[in-house]
Each structure stands twice: as C-alpha cells, then as structure tokens.
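Secondary and tertiary structure notes
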2 protein chains.
Amino acid sequence: MEPISFTEAFDSFDETWSPRLAAECNGQAVKLAKADGEFVWHSHESADELFLVHAGRLRIEFREAADAVLEAGEFTVVPRGTEHRPVAEPEAEIVLFEPSGTRNTGDVETDETAEVERLD
Amino acid sequence: MEPISFTEAFDSFDETWSPRLAAECNGQAVKLAKADGEFVWHSHESADELFLVHAGRLRIEFREAADAVLEAGEFTVVPRGTEHRPVAEPEAEIVLFEPSGTRNTGDVETDETAEVERLD
C-alpha cells in the first residue's frame, strides 16, 4: 500500500503511446501513458475508458460528438463502443482507468498496439 | 463526455466526509470527498478502494501495516477486507475509485455514514 506519485511514475519512462500498469483495483487497471500527437481511431467494445490528464493537454475526437479537450487535472469517461481518437497537443501525460486487459488500440491492431508493462 | 475539472468540482461543495459522485465507469464510481481530521475505522468486504489525493495530505492508518501518507498527486489502493482509517491532516481533497454502491463507512454504520450525492 505504498503511495504512488504520478509525477515520479511519469518521470520513470519516456516511451510514448506505451501504457504502464501502475496498479489494479477491482479488476480495473490504472495505466499511465505519455501521448504525443495523434493516436489511431478505435473503440473498446465492452470497456468504458476514463482519461485523466496529469500534464499537458489531450483532445479526444469522436465521430459523432464534439471533441473533448482535457487540460491537466481534468478527466472524462469514454463509454464502451464509442469510436474515439486521442490527440496530444503536442504532448501529454495521461492516466487511464479501464478493465485490466484492455488493449490500447481496442478493436484495431496497428503499429501502435502495445503490451502493457508493469511500472518499475 | 464533457471534461470534469477536479478543482472546479471540489470548489462546488464544502461538506466534509460526504462523497460526491463525479462519474461512473465499468461499474466503478469516481467520488470526490473533502476530508477533515479522523474518519472511522472500517473495511469493505468486497471492494478494493483507490485513494488519490488532489490537495492536502491524507494519512491512511492500518491495523497491521505502516501508515500510508499520501501527498497531492499520490494514490494508493487499499485491498478489500483491509481495515483502515483515513486521517486528513488537517484537510484534504480526495478522489475515490471504488465499486458503485460502496458505503463510505464500509462494514460499520456511524454518524459519518453518508449517502452519495451526484455532483451538480
């Protein structure tokens, strides 16, 4: 039950679009990711996804709704089945809460599809 | 999918130890609470509980482990069944991630037992 500092955790890696598993809680994963530029359009069929911005700014684009623009200290929940594209402008540190095992690119497999590494 | 600002949300209420529901995600609730001083010893039989400190400092005491002292920007997960007592020194704004329906005082009912109100 050691405290985890978001700032220290983000300082421990550099890779972008490569989520780190920081903790698990009731079958949900707390993942940290560095974002840089545009990610791929995707959706998660059976997983809601919470995005919390720790630093920088993240725009989440939707096919049929206005963009959500998240500043540091802001979060939103993307409901399951909602196609979305995260875009960092230009960089952001983001925290994700989603079911353990959720793939970062959801229903698509691309060069950005990444295994989740456990945070050191 | 409107962004929710932790700072604005905490500014919208004053009551302590009275969690506000900010969002739900995969059956988990995101709750905001203002903490002030000692809470009651309790546990949640079937719910892990994530504590994230937004402002101030929160000490979580355990019966059989060292205290966890969380500063702003730090979090920890208290596993289900673990008796704990949150203590704010002297005040803290805390974010909880736990299953929807989790009672704030867990297995005990006290004056501090509170219904969760939805954030305005």
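Sequence order as written defines residue numbering, which begins from 1 separately in each chain. Ligands are numbered from 1 and chains lettered from A, in the order in which they are written. Where totals are concerned, whole chains, interfaces and linings use all residues; where local detail is concerned, this predicted model gives features only for residues with pLDDT of at least 70, and gives and counts side-chain atom pairs only at 80 or more. For side-chain calculations, the full set of non-hydrogen atoms in the structure is used, while hydrogens and water are omitted.

All names here are of chain A. Along the chain, the position of His44 falls in the loop between strand E3 (28-38) and strand E4 (49-62). With a 1.4 Å probe rolled over the protein chains alone, any residue whose accessible area is under 20% of its type maximum counts as buried; one over 50% counts as exposed, and the rest are partly exposed. Note on His44: relative accessible area 6%, which makes it buried. Separated by 28 residues in sequence, His44 and Thr16 have C-alpha atoms that sit 20 Å apart. A polar atom in the side chain of His44 sits 3.2 Å from the side chain of His42. Reaching out from His44, the side chain makes a polar contact with the backbone oxygen of Arg103 at a distance of 3.5 Å. Secondary structure elements are defined from DSSP: runs of H or I of at least 4 residues count as helices, runs of E of at least 2 residues count as strands, and each element is numbered from the N terminus. Polar contacts here mean pairs of N or O atoms no more than 3.5 Å apart (in protein, one a potential hydrogen donor and the other a potential acceptor; neighbouring residues in sequence count only if both atoms are side-chain atoms).

Residues reaching a pLDDT of at least 70 in both copies supply the C-alpha atoms on which the copies are superposed by least squares. Placing chain A over chain B gives an RMSD of 0.0 Å and needs a rotation angle of 180°, together with 0.0 Å of translation along the axis. Accordingly, the operation relating the two chain copies is best matched by a two-fold axis. Within chain A, Gln28 of chain A has its C-alpha nearest the rotation axis, a separation of 4.4 Å.

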